[in-house]
Amino acid sequence: MPNLFRKGAIPLDYTLIHVSPPDLHGYCSLGVSVEATLAAIQLSKVVIAQVNPNMPRTFGDSILHISEIDYIVSVDTPIFEQQIEIPSAVESKIGTYIASLIDDKSTLQMGIGSIPNAALSNLKHHKDLGLHTEMFSDGVIDLIENGIITCKHKGIGKGKALATFLIGSKRLYDFVDNNPFIEMRESSYVNDTSVIRRNPKMVAINSAIEVDLTGQVCADSIGARMYSGVGGQMDFIRGAALSEGGKAIIALPSTTKKGESRIVPFLKQGAGVVTTRSHTQFIITEYGIADLYGKTLKQRAASLVNIAHPDHRESIDKQHHDLLKNN
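The following refers to the structure shown. (Residues numbered from 1 in each chain as written. Predicted model: local features only at pLDDT ≥ 70, side-chain atom pairs only at ≥ 80, totals over all residues. Heavy atoms only, no water.)

1. What about the overall build of the chain?
Of the regular secondary structure elements, the chain holds eleven helices and 21 strands. Taking 20 Å as the expected radius of gyration for a compact globule of 327 residues, we find that the chain reaches 21 Å, a close match to that expectation. In terms of overall dimensions, the chain has C-alpha extents of about 70 × 45 × 35 Å along its principal axes. Going through the 327 residues of the chain one by one, you find that 50% of them count as buried. Taking all contacts inside the chain whose residues are at least 6 apart in sequence as the whole, residues at least 24 apart take part in 70%. (Helix = DSSP H or I, 4+ residues; strand = E, 2+ residues; numbered from the N terminus. Rg over C-alpha atoms; globule rule 2.2 N^0.38 Å. Buried < 20%, exposed > 50% of the residue type's maximum accessible area, 1.4 Å probe, protein only. Contact = heavy atoms within 4.5 Å.)

2. Structural notes on the sheet that holds strand S1 (residues 14-19)
Read across the sheet, three strands follow the order S1-S3-S6 without closing on themselves; strand pairing throughout is parallel. Every other strand in the sheet has two partners, leaving S1 and strand S6 (71-74) as the edge strands with one partner each. Across the sheet, the mean angle from the axis of one strand to that of its neighbour is 20°, orientation sign disregarded. Two strands pair when backbone bridges link them, and S1 and strand S3 (residues 46-51) are joined in this way by six bridges, in the parallel orientation. Looking at S3, one finds that Tyr-14 is bridged to Val-46. (Pairing = 2+ DSSP bridges. Axes fitted to C-alpha atoms, helices over the stretch in contact; angles between N-to-C directions.)

3. Side note on the side chain of Ser-44
Looking at the secondary structure, you find Ser-44 in the loop between helix H2 (37-43) and S3. The exposure class assigned to Ser-44 is buried, which follows from its relative accessible area of 12%. Among the polar contacts listed, one links the side chain of Ser-44 to the backbone oxygen of Val-46, at a separation of 2.9 Å. Leave out the neighbours within four places in its chain, and Ser-44 touches Leu-12, Asp-13, Tyr-14 and Thr-15. (Polar contact = N/O pair within 3.5 Å; in protein donor to acceptor, adjacent residues only side chain to side chain.)

4. Overview of the nonpolar core
Ranked by internal contacts, the top residues of the largest apolar core, which has 43 residues, are Ile-98, Leu-108, Leu-131, Phe-136, Ile-149, Ile-182 and Ile-249. Filtering out sequence-adjacent residues up to four positions away, Ile-98 remains in contact with Ile-115, Ala-119, Ile-205, Ile-249, Ala-251 and Ile-284. Counting 25 residues, the second largest nonpolar core, distinct from the first, contains Met-202, Ala-204, Val-305 and Ile-307. (Core = buried A, V, L, I, M, F, W, Y, C linked by side-chain atoms within 4.5 Å.)

5. Some details on helix H9 (residues 233-242)
All of the buried residues along H9 are Gln-233, Asp-235, Phe-236, Ile-237, Gly-239 and Ala-240. Check the buried side of H9 and you find it contacts strand S7 (107-110), helix H7 (187-190), helix H8 (193-196), strand S13 (202-206), strand S15 (217-218) and strand S18 (247-251).

6. Topic: the pattern of salt bridges
Counted according to the given criterion, the structure contains eleven salt bridges. Here Lys-318 and Asp-322 are joined by a salt bridge, their closest N and O atoms 2.9 Å apart. Of this pair, Lys-318 and Asp-322 both sit in helix H11 (residues 313-325), four residues apart, roughly one helical turn. The exposure class assigned to Asp-322 is partly exposed, which follows from its relative accessible area of 24%. Shared partners join several salt bridges into a network, and the residues in it are Asp-61, Glu-183 and Arg-185. (Salt bridge = Lys/Arg side-chain N within 4 Å of Asp/Glu carboxyl O.)

7. Here we look at the packing of helix H10 (residues 297-306) against H11
Two numbers describe a pair of packed helices, the interaxial angle and the distance between the axes. Relative orientation of the contacting elements H10 and H11 amounts to 160°, with a least axis distance of 9 Å. Looking at the two axes, H10 sits roughly antiparallel to H11. In the packing of H10 onto H11, the handedness of the crossing is right-handed. Residues Ala-301, Val-305 and Asn-306 of H10 form the contact with H11, whose participating residues are Arg-313, Ile-316, Asp-317 and His-320. Tallied by class, the residues present in the contact of H10 with H11 amount to three nonpolar, two polar and two charged. (Parallel < 35°, antiparallel > 145°, perpendicular 65-115°, else oblique. Left-handed = near helix turned anticlockwise from the far one by under 90°. Nonpolar A, V, L, I, M, F, W, Y, C, P; charged D, E, K, R; others polar.)

8. Details of the pairing of S13
Of all five residues making up S13, five are buried, and the element is well covered by its neighbours. Neither face of S13 is open: one carries Met-202, Ala-204 and Asn-206, the other Val-203 and Ile-205, and all of them are buried. The pairing of S7 with S13 spans four bridges and is parallel. Bridge pairing in S13 places Met-110 opposite Ile-205.

9. As for the packing of aromatic side chains
By the definition in use, this model includes zero aromatic pairs. The ring of Tyr-189 has Arg-185 sitting right over it, with the charged end atom 4.0 Å from the ring centre. Taking NZ or CZ as reference, Arg-313 lies 5.4 Å from the ring centre of Tyr-287, over its face. (Phe/Tyr/Trp six-rings, centres within 6.5 Å; stacked < 30°, edge-to-face > 60°. Lys NZ or Arg CZ within 6 Å of the ring centre and 35° of its normal.)

10. Considering a nonpolar patch on the surface
On the surface, a cluster of nonpolar side chains totalling about 250 Å² of accessible area is made up of Met-1, Leu-4 and Ile-10. Mapped onto the elements of the fold, Leu-4 is located in helix H1 (residues 2-6). (Patch = residues over 30% accessible without salt bridge, like charges linked within 9 Å, V, L, I, M, F, W, Y side chains within 5 Å. Areas by Shrake-Rupley, 256 points an atom, 1.4 Å probe, with all protein chains shown as cover.)

11. With respect to the sheet that holds strand S10 (residues 161-163)
Taken in spatial order, the three strands make up an open sheet running S4-S12-S10, and their pairing is parallel. Looking at strand neighbours, the two that pair on one side only are strand S4 (59-60) and S10, the edges of this open sheet. Of the pairings in the sheet, the one linking S4 to strand S12 (residues 182-184) comprises two bridges and is parallel in character. Across the sheet, the residue bridging to Phe-59 is Glu-183, located in S12.

Shown next as structure tokens:
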């Protein structure tokens, strides 16, 4: 998004932002969300700021002088919260498998949701982990406070937990407020593959809607119907794969809420490939870990069938073989 703004693909007239009150020197903070906002501010004709005392003050690219703002609207409203759900038994099992792949001194990237939080809850005995992630939520707080996430061994931004936006509870917002350990940077930096790969033992933990038996990952659509954007998955999966000792992980329950398999012989018609089969390393469900790195298509298919739900394994395998036979 910052590049789309800077290259003129999306011209901007007005930009609406949400900031903390200015300090004694006239500097506000973008608080919980930098992402593409900085580029929008720099390129917009008019910047209108909602100034809110409830917005936490964060550092890095989030600092903005009041002179860069054209109009100010003062409010006093709570910041949107997303409460952390307790992981299900399936999600907890997946979190255990993820944690088993994470070595001490690794640097973590994780998405939002119960599975990343389940993985984080299994890292209580790890040492000197780092954080370089598009976003983080409440799951990292205890790990930072207990000295498990120290960021001492990162290759980039050493000693700082790096993110581009935050979402969680008021506890998270209170934790990051005026906390110099947290550094907020623009997404064009945080999500830059050449930056991500500089962290040794970079571990990217992302999810998917479905994965086919060759390792293609669909994470943004259900068939042709768009479900979400691509997010940072393709950036971090690639960055982790290129990192020295890095691990690229896709984790998902084996079935949908309707009982349909999410490990499939082939993606739905119209589905988008967010992570190519050339980039996938580890696929995890509650039934285990499929290590696809360096494997043939036949070996990949066998590994992925083994982590599908038992009720679907025979059908998936048969459909896959029938497809190959008919082509």
